[in-house]
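Chains, contacts and geometry: an overview
If you want the building blocks of each chain, they are given just below.
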Amino acid sequence: MPELPEVETTLTGLRPSLLGAKIVRLVVRERRLRWHIQSGLEGKVRGRTVTAMRRRGKYILIHLDDNELDCGDLDCGGLLIHLGMSGSFRVLTKNTGKNAAIETHDHYDLITDRGHIVRYRDPRRFGCLLWASGDPTQHKLIRALGIEPLDLEFNGKYLHHAAKGRTLAVKNLLMNGKIVVGVGNIYAAESLFDSGIHPARGCHRISEQRYRRLADSVRTILTAAIQQGGSTIRDFAAADGQPGYFEQELMVYGREGKQCYTCGTRIRNITLGQRSTFYCPRCQR
DNA sequence: CAAAGGTCCTGCTCGC
DNA sequence: TGCGAGCAGGACCTTT
């Protein structure tokens, strides 16, 4: 599920239950996520209060206060969460009855002093739940990340510069998290269509002007998707926190063989970096 | 058997 | 020869 807008929407959905709440208990039923949940994490988390929740790329950072018990900064830190390919959260309320039934792939719960159960589900187990010591933003996985696509530095000049000395396809450049975070397979395809760039074009063969257009497309499309997610989130705590893509607005992704909305040409699907890549051969050069 | 919306890690090649 | 950077492919999983 999760691309950047979905992660942002997830965060919005979780804040009302978690931000400022005390984590009474972490219950882990399956430790084997992408990286195994470290033994003893339950103890580290217990009794701490969530002081901040933020997103970096597709990671969710949950900052926790010092446990009053250990005053040293040795153990201050937070949780690092990634949803992988199939992760999602639901928020349940204690005494919800049938909704609270644990299903297959419900790997862990965060239980708060407000009576909420924040339940993580992830069939493919590509997600993670990690302890980050100290400042979570300085964790190895976070520190090395590229810039945020919604930051001002993300622009045509930046992309053009990043492409120098490289030969890979522009779509793979765009999906490289060391350069820019949060642009996944769907939004890479959509942004490239919007800016009229062929996904397989060598990234060093694109002018700064065209990169400017691409950066604008990325920003516009992500922003629209986040807004849409935000507007459908009302029931996050009651139902399934599945924001879902705004499928009716996808121009190329998943539309192989169908007519391009702009020119009528059939949409193609090629493989790039082992990922399916949809584009219009006429609109995108 | 193929494919699914992620991304880290390994090992190869290339150029200095 | 040695080193770093860039890059492709493998790895991790279950479900449809």
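Relevant structure appears above.
Residues numbered from 1 in each chain as written. Chains lettered and ligands numbered in written order. Predicted model: local features only at pLDDT ≥ 70, side-chain atom pairs only at ≥ 80, totals over all residues.

1. Quick notes on the protein's contact with DNA strand C
- The local shell around DNA strand C holds 13 residues, among which P123, R124, R166, T167 and L168 are the closest.
- For the surface near DNA strand C, the class distribution of residues is three nonpolar, five polar and five charged. (Near = placed C-beta within 6 Å. Nonpolar A, V, L, I, M, F, W, Y, C, P; charged D, E, K, R; others polar.)

2. Comments concerning the nonpolar core
- Judged by nonpolar contacts, the single largest core of 69 residues is most densely connected at I62, I81, A189 and V252.
- The leading source of residues in this core is helix α7 (residues 208-231), at seven residues.
- Sequence-distant contacts of V252, defined by excluding residues within four places in its chain, comprise A189, E190, F193, I267, F278, Y279 and C280. (Core = buried A, V, L, I, M, F, W, Y, C linked by C-beta atoms within 7 Å. Buried ≥ 20, exposed ≤ 12 C-beta atoms within 10 Å, placed from the backbone. Helix = DSSP H or I, 4+ residues; strand = E, 2+ residues; numbered from the N terminus. Contact = placed C-beta atoms within 7 Å.)

3. Details of the environment of Q228
- Position of Q228 relative to the elements: it lies in helix α7.
- Among the residues examined, Q228 registers 17 C-beta atoms within 10 Å and is labelled partly exposed.
- Residues Q228 and P5, spaced 223 residues apart in sequence, show a C-alpha to C-alpha distance of 8.9 Å.

4. Overview of the sheet that holds strand β6 (residues 106-112)
- The four strands are arranged β1-β6-β7-β5 in an open sheet whose pairing can be described as antiparallel. Here the strands that pair on one side only, and so sit at the sheet edges, are β1 (23-28) and β5 (88-93). The average undirected angle you get between the axes of adjacent strands in this sheet is 20°.
- As paired strands, β1 and β6 are joined by five bridges and run antiparallel to one another. (Pairing = 2+ DSSP bridges. Axes fitted to C-alpha atoms, helices over the stretch in contact; angles between N-to-C directions.)

5. Examining the environment of I23
- As for its placement among the helices and strands, I23 is situated in strand β1.
- With 21 C-beta atoms counted inside 10 Å, the residue I23 sits in the buried group.
- Taking the C-alpha atoms as reference points, I23 and A132, separated by 109 residues in sequence, lie 16 Å from one another.

Such coordinate-based values are descriptive only and should not be taken to indicate function.
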